Amino acid sequence: GAVVSQHPSWVICKSGTSVKIECRSLDFQATTMFWYRQFPKQSLMLMATSNEGSKATYEQGVEKDKFLINHASLTLSTLTVTSAHPEDSSFYICSAGQSGANVLTFGAGSRLTVL
Amino acid sequence: QKEVEQDPGPLSVPEGAIVSLNCTYSNSAFQYFMWYRQYSRKGPELLMYTYSSGNKEDGRFTAQVDKSSKYISLFIRDSQPSDSATYLCAMFSGTYKYIFGTGTRLKVLA
């Protein structure tokens, strides 16, 4: 079945630094990937849609300069949290869908802690 | 009103019980309905996927969709402690933009 790998699974960084999270589709190509944010005991909130070879589409209220998304290949999308602050601490999850399929496969998530 | 409503729980049941999890929605354009299971600090894992109305069974899990009532359910038979997790319903109308419920936290007691 489709597998989405996310790395790192957990990262701690100092306030003001930037952190990059990778999302890879391991056994299929994904022209579109999605990035979500999840706070404790809350549901997933879609942040942006990552499109291979073009700019990401951000949801309302999500700062595109804060959360940089790059989708340079059909199997890799990256989310960079720039100048991270403690309020950026959260669980970030990516997902991707195989072409022709309607179901998304999710990565295992990346926990970001900003000190 | 949220597009998808789901009782957050927590729901505690004894081992072996039948569990019923539900979501209601307001957008009649939704055609694809999913149930995901999420363990603590992990990504969501697809359990069931249903297109349009009807029932679908897979082992101990049964998904039901009633589009006329805008209501979907997930039943878990013979629940096990390993079923303890958060269950998220998700739906969309034809693009990949999923709308999630808030998730129901389930605890199956041994």
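Residues numbered from 1 in each chain as written. Chains lettered and ligands numbered in written order. Predicted model: local features only at pLDDT ≥ 70, side-chain atom pairs only at ≥ 80, totals over all residues. Heavy atoms only, no water.

### So, the interface of chain A and chain B
Applied cut-off: We call two residues in contact when some of their heavy atoms are within 4.5 Å. The buried area of a pairing is the accessible area, by a 1.4 Å probe, that goes missing from both parts when the two are put together, added over both. A side-chain nitrogen of Lys or Arg and a carboxyl oxygen of Asp or Glu constitute a salt bridge if their distance falls within 4 Å. Polar contacts, as used here, are pairs of N or O atoms within 3.5 Å; protein pairs need one atom able to donate a hydrogen and one able to accept it. Residues neighboring in sequence count only if both atoms are side-chain atoms. In DSSP terms, a helix is any run of H or I states spanning at least four residues, a strand is any run of E spanning at least two, and both are numbered starting from the N terminus. Polar here means any residue outside two lists: the nonpolar Ala, Val, Leu, Ile, Met, Phe, Trp, Tyr, Cys and Pro, and the charged Asp, Glu, Lys and Arg; Gly therefore counts as polar.
Listed by partner, the interface residues are 22 residues for chain A and 18 residues for chain B. In total, chain A and chain B occlude about 1600 Å² of area from one another, counting both sides; carbon and sulfur atoms represent 60% of this. When the area that chain A buries against chain B is broken down by residue, the three leading residues are N102, V103 and F106 of chain A, summing to 31%. Where chain A meets chain B, there are one salt bridge. K97 of chain B is the salt-bridge partner of E59 of chain A, the closest N and O atoms lying 3.0 Å from each other. For the pair chain A and chain B, the number of links is six residue pairs in polar contact (both at pLDDT 80 or more). For the side of chain A that touches chain B, the secondary-structure elements that each account for two or more residues are β4 (32-38), β9 (90-97) and β10 (104-106) of chain A. Of the residues assigned to the side of chain A that touches chain B, the class counts are 11 nonpolar, eight polar and three charged.

### Topic: the packing of aromatic side chains
Residue and element names in this part refer to chain B. Which entries qualify depends on this criterion: Aromatic rings from Phe, Tyr and Trp, with only the six-membered ring used for Trp, were paired whenever their centres fell within 6.5 Å, and each pair was classed as stacked if the ring planes differed by under 30 degrees, edge-to-face if by over 60, and tilted otherwise. The classification of residues rests on relative accessible area computed with a 1.4 Å probe and restricted to protein chains. Under 20% of the type maximum is buried, over 50% is exposed, and intermediate values are partly exposed.
One pass over the full model with this rule turns up 15 aromatic pairs over all chains. Taken together, a centroid distance of 4.9 Å and an interplanar angle of 45 degrees make the contact between Y32 and Y51 tilted. In this pair, Y32 sits in strand β4 (residues 32-38) while Y51 sits in strand β5 (residues 45-51), placing the two residues 19 residues apart along the sequence. Judged by its relative accessible area of 15%, Y32 is buried.

### Focus on the environment of G1 of chain A
In this fold, G1 of chain A is placed in the segment before β1 (4-7). Considered as a pair, G1 of chain A and D27 of chain A are 26 residues apart in the sequence and their alpha carbons are 8.1 Å apart.

### Details of the pattern of salt bridges
All names here are of chain B. For the coordinates displayed, the defined rule picks out six salt bridges over all chains. Close ionic contact of E57 with R77 constitutes a salt bridge, the shortest N to O distance being 3.4 Å. Pair noted here: E57 is in strand β6 (residues 54-58) and R77 is in the loop between β8 (71-76) and β9 (85-92), with a separation of 20 residues, a long-range link. The shortest N-O distance in the salt bridge between R60 and D83 comes to 2.8 Å. Taken together, the positions of R60 in the loop between β6 and β7 (61-66) and D83 in the loop between β8 and β9 put the pair 23 residues apart, joining distant regions of the chain.

### A look at the sheet that holds strand β8 (residues 76-81) of chain A
Residue and element names in this part refer to chain A. Selection rule: Strand pairing requires that DSSP identify at least two bridges connecting the strands. Only the stretch in contact is used when a helix axis is fitted, and all axes are lines through C-alpha atoms; the angle between N-to-C directions ranges over 0 to 180 degrees.
An order of β1-β3-β8-β7 is seen for the four strands of this open sheet, with the pairing classed as antiparallel. Single-partner strands in this sheet number two, and they are β1 and β7 (67-73). Averaged over neighbouring strand pairs, the angle between their axes works out to 15 degrees when direction is ignored. Examined bridge by bridge, β7 and β8 share five bridges and lie antiparallel to one another. Among the inter-strand pairings, L68 is bridged to a residue of β8, identified as T80.

### Quick look at the sheet that holds β7 of chain B
Residue and element names in this part refer to chain B. Reading across the sheet, the five strands line up as β1-β3-β8-β7-β6 and stay open at both edges, with antiparallel pairing between neighbours. Whereas interior strands pair on both sides, the edge strands pair on one side only; in this sheet they are β1 (4-6) and β6. Put simply, the sheet's adjacent strands are angled 15 degrees from each other on average, direction ignored. Pairing between β6 and β7: five bridges, direction antiparallel. Opposite G54, over in β7, you have V65 as the bridge partner.

### Brief notes about the side chain of S25 of chain A
Residues and elements named next belong to chain A. Its location among the elements puts S25 in strand β3 (residues 19-25). Using a relative accessible area of 4% as the deciding quantity, one classes S25 as buried. Of note is the side chain of S25, whose polar atom sits 2.7 Å from the backbone oxygen of F28. Leave out the neighbours within four places in its chain, and S25 touches V3, A30, M33, L74 and T75.

### Considerations on unusual backbone geometry
Of note, the bond from H7 of chain A into P8 of chain A is cis; its omega dihedral lies within 30 degrees of zero at 0 degrees. Inspection of the secondary structure puts P8 of chain A in the loop between β1 and β2 (10-13). Between G9 of chain B and the following residue, P10 of chain B, the backbone shows a cis peptide bond with an omega angle of 10 degrees. Assignment of secondary structure puts P10 of chain B in the loop between β1 and β2 (11-14). In this structure, S83 of chain A takes a positive phi of about 45 degrees despite not being glycine. By secondary structure assignment, the location of S83 of chain A is in the loop between β8 and β9. By relative accessible area, which is 33% here, S83 of chain A ends up partly exposed. At S52 of chain B, a position not held by glycine, the phi torsion is positive, near 65 degrees.

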